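This is what each chain is made of:
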Amino acid sequence: MGIVRKHNGISLDASHRLYIDGVRSNFWITELVSKKTFLNHGFNSIYFVDYEALLMLQKIRGFFGKPMTVNDWWSGGHLNQRGYRSDLTTVGAKNSQHRYRLAYDFSMKSLSADKIREAILANQPFFYKIGVRRIEHGDYAPTWCHVDMKDTQLHNAIYVFKPRRTTQISQEERWSI
Ligand SMILES: [Zn+2]
């Protein structure tokens with residue numbers, strides 16, 4: 001398939017496949033943005049993918065060596081806001097790292113979210129090195145694993161955070177954007 005967009009080391013082909021530094025990744029653009037974002041922006045949705053964050057995701061995929069899913073709306077599923085979240089959605093916290101392109105939620109059919117978190121915490125220097133800074137506590141992410149790149153005071157360690165509350169963007173704020 002021919003490359004239709006290139007940006008910061010990421011490229012995209014006409015089948016929606018993403019490449020990192022010219023190497024085929026395991027991810028599709030339709031998996032990393034919401035349906036609305038993709039319908040609004042098409043191939044330009046590549047600009048909503050951060051190079052370092054995609055590289056991190058691919059290295060997580062490499063570590064586990066198993067298929068993982070971010071969004072699945074493209075194949076008829078209901079998962080739609082587990083990658084980049086625009087200000088048009090009220091899903092999740094107002095300042096979630098998803099809004100800054102630096103967070104992904106994923107799951108694997110063959111491994112539970114708890115087992116994924118266990119593996120990350122058992123290999124913290126590796127995950128720190130590939131860019132993971134925080135994961136969300138299992139009480140708040142029962143069936144998926146949230147990873148993000150938000151800076152912490154930690155070195156070579158992964159911070160497990162519990163959201164204080166899920167701040168929804170108010171209708172008023174939405175209209176003022
Ligand atoms: Zn998340």
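The coordinates are above.
Residues numbered from 1 in each chain as written. Predicted model: local features only at pLDDT ≥ 70, side-chain atom pairs only at ≥ 80, totals over all residues.

*Asks:* Tell me what's going on with the overall build of the chain, and back it up with residues and numbers.
*Replies:* Regarding its fold elements, the chain presents six helices and eight strands. Helices and strands in the chain line up, N terminus first, as β-β-β-β-α-α-α-β-α-α-β-β-β-α. Compactness check: the chain gives a C-alpha radius of gyration of 16 Å against a globular reference of 16 Å for 177 residues, within 12% of the reference. In terms of its C-alpha atoms, the chain occupies a principal-axis envelope of roughly 45 × 40 × 30 Å. When burial is assessed residue by residue, the chain has 31% of its 177 residues classed as buried. Within the chain, residue pairs in contact and separated by at least 24 positions form 59% of the contacts whose partners lie at least 6 positions apart. (Helix = DSSP H or I, 4+ residues; strand = E, 2+ residues; numbered from the N terminus. Rg over C-alpha atoms; globule rule 2.2 N^0.38 Å. Buried ≥ 20, exposed ≤ 12 C-beta atoms within 10 Å, placed from the backbone. Contact = placed C-beta atoms within 7 Å.)

*Asks:* Can you break down unusual backbone geometry residue by residue, with the values?
*Replies:* The backbone of Arg101 sits at a positive phi, close to 75°, despite the residue not being glycine. Relative to the elements of secondary structure, Arg101 occurs in the loop between α3 (51-64) and β5 (103-106). In this structure Arg101 comes out as buried when scored by C-beta crowding, with 21 C-beta atoms within 10 Å. For Asn156, which is not a glycine, the phi torsion comes out positive at approximately 60°. Considering the arrangement of structural elements, one finds Asn156 in the loop between β7 (145-148) and β8 (159-161). For Asn156, a count of 10 C-beta atoms within 10 Å corresponds to the exposed category.

*Asks:* Run through the sheet that holds strand β1 (residues 3-7), naming residues and quoting values.
*Replies:* One open sheet holds the four strands; their spatial order is β1-β2-β3-β4, and the pairing between them is antiparallel. Two strands lie at the open edges of the sheet, namely β1 and β4 (23-28), each paired on one side alone. Neighbour-to-neighbour, the strand axes of this sheet turn through a mean angle of 30°, independent of strand direction. Relative to the sheet, α3 contacts β2 (10-13), β3 (17-20) and β4, its axis offset from that of β4 by approximately 90°. (Pairing = 2+ DSSP bridges. Axes fitted to C-alpha atoms, helices over the stretch in contact; angles between N-to-C directions.)

*Asks:* Describe the environment of Ala157, and please don't skip the residues or the numbers.
*Replies:* Structurally, Ala157 is set in the loop between β7 and β8. As a C-alpha pair, Ala157 and Arg134 span 23 residues in sequence and 8.8 Å in three-dimensional space. Ignoring sequence-local partners within four residues, the contact set of Ala157 consists of Gln124 and Tyr128.

*Asks:* Describe helix α4 (residues 113-122), naming the residues involved and giving the relevant values.
*Replies:* Those residues of α4 not exposed but buried are Ala113, Ile116, Arg117 and Ile120. Summarising the axial view, the buried residues of α4 lie within an arc of 95°, below the 170-degree limit, and thus occupy one face. The inward-facing, buried residues of α4 abut α5 (124-129), β6 (134-136) and β7. (Arc of directions from axis to C-beta.)

*Asks:* Got a sec to walk through α3? Specific residues and values, please.
*Replies:* For α3, which comprises 14 residues, the first-to-last C-alpha distance of 20 Å matches the rise-based estimate of 20 Å (1.5 Å per residue) to within 8%. Of the residues making up α3, those classed as buried are Ala53, Leu54, Met56, Leu57 and Ile60. End-on, the buried residues of α3 take up no more than an arc of 155°, which puts them together on one face. Here the buried face of α3 lies against β2, β3, β4, β5 and β7. Backbone geometry just after α3 places Gly65 at a positive phi near 65°. (Expected span 1.5 Å × (residues − 1).)

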